[in-house]
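Each chain, letter by letter, is given below.
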Amino acid sequence: MTDAAVADRSGWVALAGTYKNFPALAGASKADWLVIGGGFTGLAAARRLAELHPNHRIVLIDRKRLGQGASGRNSGFAVSREMPGPSELEKPAGRAAYLAQAAIHQAAGAEVKRLIDELRIDCDYDPNGYIFAVHERDKFKALEERVNAINDLGGEAKLLDAAALRSRLGIAFYNHGLWIGGGNALLQPARFAKGLIDALPATVECYENTEAVKITHEPGGGATVSLRDGHIRAARVIIGLNAFMPRLGVKRGRVFPISLTASLTRPLTPAEEEAIGHAGPWGGLCPIEGGATVRLTNDRRILMRNTAEYEPDGISQAMLAKRRAWHEMGLRHRFPFLAKDAIEFTWSGHMCASRNWSFVFEELSHGVFAAGCYNGAGLARGTLLGRLIAEHASGETSPLIENALAREKPSWVPTGPLFTLIAKIRLAHELQAAKSEH
Ligand SMILES: Cc1cc2nc3c(=O)[nH]c(=O)nc-3n(C[C@H](O)[C@H](O)[C@H](O)COP(=O)(O)OP(=O)(O)OC[C@H]3O[C@@H](n4cnc5c(N)ncnc54)[C@H](O)[C@@H]3O)c2cc1C
């Protein structure tokens, strides 16, 4: 492999084992339910629909492979407790908003755990929380207040000074941080997604390499979805497209994709294990936008992710080579003992964001529903909201569904070249401001 091109290959997917293959859908067909998108949202929705409607025809389509988009490419943090930000620390209204959202977040973490237990998914699930930490102390303010707020609000958090971080992580890079438990977990995301695919009820008809190219909302309810080679008319449709929603005209001007890239090393050598003091597996996030995500995995590899960019057309192989060099730099800063050629896999993926950090959970037209846009926390949230949107579409209600429906909707963003310019400048600025944390 040369520096000019790097194959886009998720290490998680490559290491997850053999996936079931599903055929493509072509021609004209009809279904009671159509789920578009086979990531965490679509898989959870399809599973729940099959439980609720055992006699209905339920079709799940993905333009590529089920579970191998962002759901098989993310960093594997199952978020159950968010770190409160300054606005949530200062005022009672901020705390009340944090608590309202916390109900969804905690249920999301619990949903992941429930599915792993019930379906016996082997995905290195580690319920011991993770760490937010920085190299430069002034990049992470009000740590004590945050720890107190999390503990007051029913969570579990601890301050970690440089010595505690060094002993826990086995490296000297981080100087200031905190640990948040209380439901936060780490896992191998592609093995979780593959476990969900393997356990789909037999009544879910799955199709891969089946791209929806147009959604025509039908006046009588439901939609006709045009495929590359045919169409499918469904009485009810659930859209689980996340970052790809705007491409199909869904939530355009409300949500937008952000491209992330990550690398995974080969397993550590015995000498490297010695150098890291045989530290146990861990996950570290940066509390500021633009900082790095790092993990020491159960199979003794290091995951490094330190880019977030607005590249709606995706990351080319040549761009990926450059991002891999940035990952190498991030690894050098943290793990100086690691050989230069330690990276085995590098990949990119799209997460979905909104300006006000809100998610999508709604009926778009009669019988057409969408859930998505989890602002980088969709492993757990997609798994929960996929189930909830299937229940909502089936006419069920619950406090969690009411909570999800009551959330503020994603706010307006401009589209076209103006947005491209703003987004590129903003993200480049964030990356620059977080340079010490790469
Ligand atoms: C590098 C990276 C790191 C991340 N880290 C984390 C993390 O640690 N924790 C966390 O919670 N979240 C993380 N995320 C975000 C997380 O991956 C997403 O929020 C989550 O995957 C959303 O699930 P989803 O099912 O809604 O969407 P996706 O996983 O994006 O699934 C959507 C599916 O739709 C399919 N599709 C797209 N267009 C079409 C079409 N026209 N027709 C049919 N199918 C289509 C795609 O192929 C894809 O399979 C990360 C994302 C990336 C890229």
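Residues numbered from 1 in each chain as written. Predicted model: local features only at pLDDT ≥ 70, side-chain atom pairs only at ≥ 80, totals over all residues. Heavy atoms only, no water.

Named according to an unreviewed UniProt entry, the protein is FAD-binding oxidoreductase originating from Dongia rigui.

> An account of the domain arrangement of the protein is requested, with residue identities and associated values reported.
The assigned domain composition of the protein is domain 1 (18–73 + 191–256 + 357–416) and domain 2 (122–188 + 258–355 + 423–437). On a C-alpha basis, the centroid separation for the pair domain 1 and domain 2 is 30 Å. The interface of domain 1 with domain 2 comprises 23 residues on the first partner and 18 residues on the second. Together domain 1 and domain 2 conceal approximately 1800 Å² of surface at their shared face, both sides included; 54% is due to carbon and sulfur atoms. Considering only the surface of domain 1 that becomes buried against domain 2, R73, R191 and F256 emerge as the three largest contributors, covering 42% of it. One can count two salt bridges joining domain 1 with domain 2. A salt bridge links D124 to R191; the nearest nitrogen and oxygen atoms lie 3.3 Å apart. For the pair domain 1 and domain 2, the number of links is 13 residue pairs in polar contact (both at pLDDT 80 or more). (Domains from an automatic or database assignment. Contact = heavy atoms within 4.5 Å. Buried area = accessible area lost by both parts, 1.4 Å probe. Salt bridge = Lys/Arg side-chain N within 4 Å of Asp/Glu carboxyl O. Polar contact = N/O pair within 3.5 Å; in protein donor to acceptor, adjacent residues only side chain to side chain.)

> Mind laying out the site of the ligand, listing which residues take part and the relevant values?
What surrounds the ligand is a group of 32 residues, the closest being T41, D62, S71, F77 and L379. One of the backbone nitrogen or oxygen atoms of G76 is found 3.3 Å away from an oxygen atom of the ligand. Within the backbone of F77, one N or O atom sits 2.8 Å away from a nitrogen atom of the ligand. Burial of the ligand by the protein amounts to 97% of the accessible area it has alone, namely 1000 Å². Taken together, the elements giving at least two residues each to the shell around the ligand come down to α2 (40–52), β16 (343–354) and α10 (378–393). Mapping the shell around the ligand onto the domain boundaries places at least three of its residues in each of domain 1 (18–73 + 191–256 + 357–416) and domain 2 (122–188 + 258–355 + 423–437). (Near = heavy atom within 4 Å. Areas by Shrake-Rupley, 256 points an atom, 1.4 Å probe, with all protein chains shown as cover. Helix = DSSP H or I, 4+ residues; strand = E, 2+ residues; numbered from the N terminus.)

> I'd love a proper account of the pairing of strand β1 (residues 27–36), names of residues and values included.
Two faces, one strand: in a regular strand the side chains alternate between the faces of the sheet. In this structure, β1 lies alongside strand β11 (residues 230–239), joined through nine bridges in parallel fashion. Residue A31 lies in a different strand from β11, and its bridge partner there is A234. Relative to strand β2 (residues 58–61), β1 runs parallel, the two sharing four bridges. The residue bridging L34 from the neighbouring strand is V59, located in β2. (Pairing = 2+ DSSP bridges.)

> With reference to specific residues and values, describe the side chain of R407.
Along the chain, R407 turns up in the loop between α11 (399–406) and α12 (417–433). The buried charged residue R407 lacks any salt bridge, with E408 as its nearest oppositely charged partner at 7.2 Å. Here the side chain of R407 touches N403 through a polar contact of 3.0 Å, side chain to side chain. Residue contacts for R407: discarding those within four places in its chain leaves A100, Q101 and F359. (Buried < 20%, exposed > 50% of the residue type's maximum accessible area, 1.4 Å probe, protein only. Lys, Arg positive; Asp, Glu negative; His and termini not counted.)

> Give me the packing of helix α4 (residues 92–119) against α10: which residues, what numbers.
The contact between α4 and α10 brings their axes to 8 Å, and the two run at 85 degrees. In terms of orientation, α4 lies roughly perpendicular with respect to α10. Contact residues: I104, H105, A107, A108, G109, E111, V112, R114 and L115 in α4; L379, A380, R381, T383, L384 and R387 in α10. Residue classes in the contact of α4 with α10 are distributed as eight nonpolar, three polar and four charged. (Axes fitted to C-alpha atoms, helices over the stretch in contact; angles between N-to-C directions. Parallel < 35°, antiparallel > 145°, perpendicular 65-115°, else oblique. Nonpolar A, V, L, I, M, F, W, Y, C, P; charged D, E, K, R; others polar.)

> Explain α2 to me, and be specific about the residues and the numbers.
The first and last C-alpha atoms of α2 sit 18 Å apart over 13 residues, in line with the 18 Å expected at 1.5 Å per residue. Listing the buried residues of α2 in full gives F40, T41, G42, L43, A44, A45, A46, R47, R48, L49 and A50. (Expected span 1.5 Å × (residues − 1).)

> Which residues make up the confidence of the model for the protein, and what are the values?
For the protein, the average pLDDT comes to 95, and 99% of its residues sit at 70 or higher. Mean pLDDT across the elements of the protein bottoms out in helix α3 (residues 86–90) (75) and peaks in α2 (99). (pLDDT = per-residue confidence, 0-100.)

> An account of the sheet that holds strand β13 (residues 282–285) is needed here, citing residue identities and associated values.
The eight strands lie next to each other as β5-β6-β4-β13-β14-β15-β12-β16, forming an open sheet whose pairing is mixed. The open sheet has two edge strands with one neighbour each: β5 (157–161) and β16. Each strand of the sheet is rotated relative to its neighbour by a mean of 20 degrees, with strand direction disregarded. Bridge count between strand β12 (residues 255–265) and β16: eleven bridges; the pairing is antiparallel.

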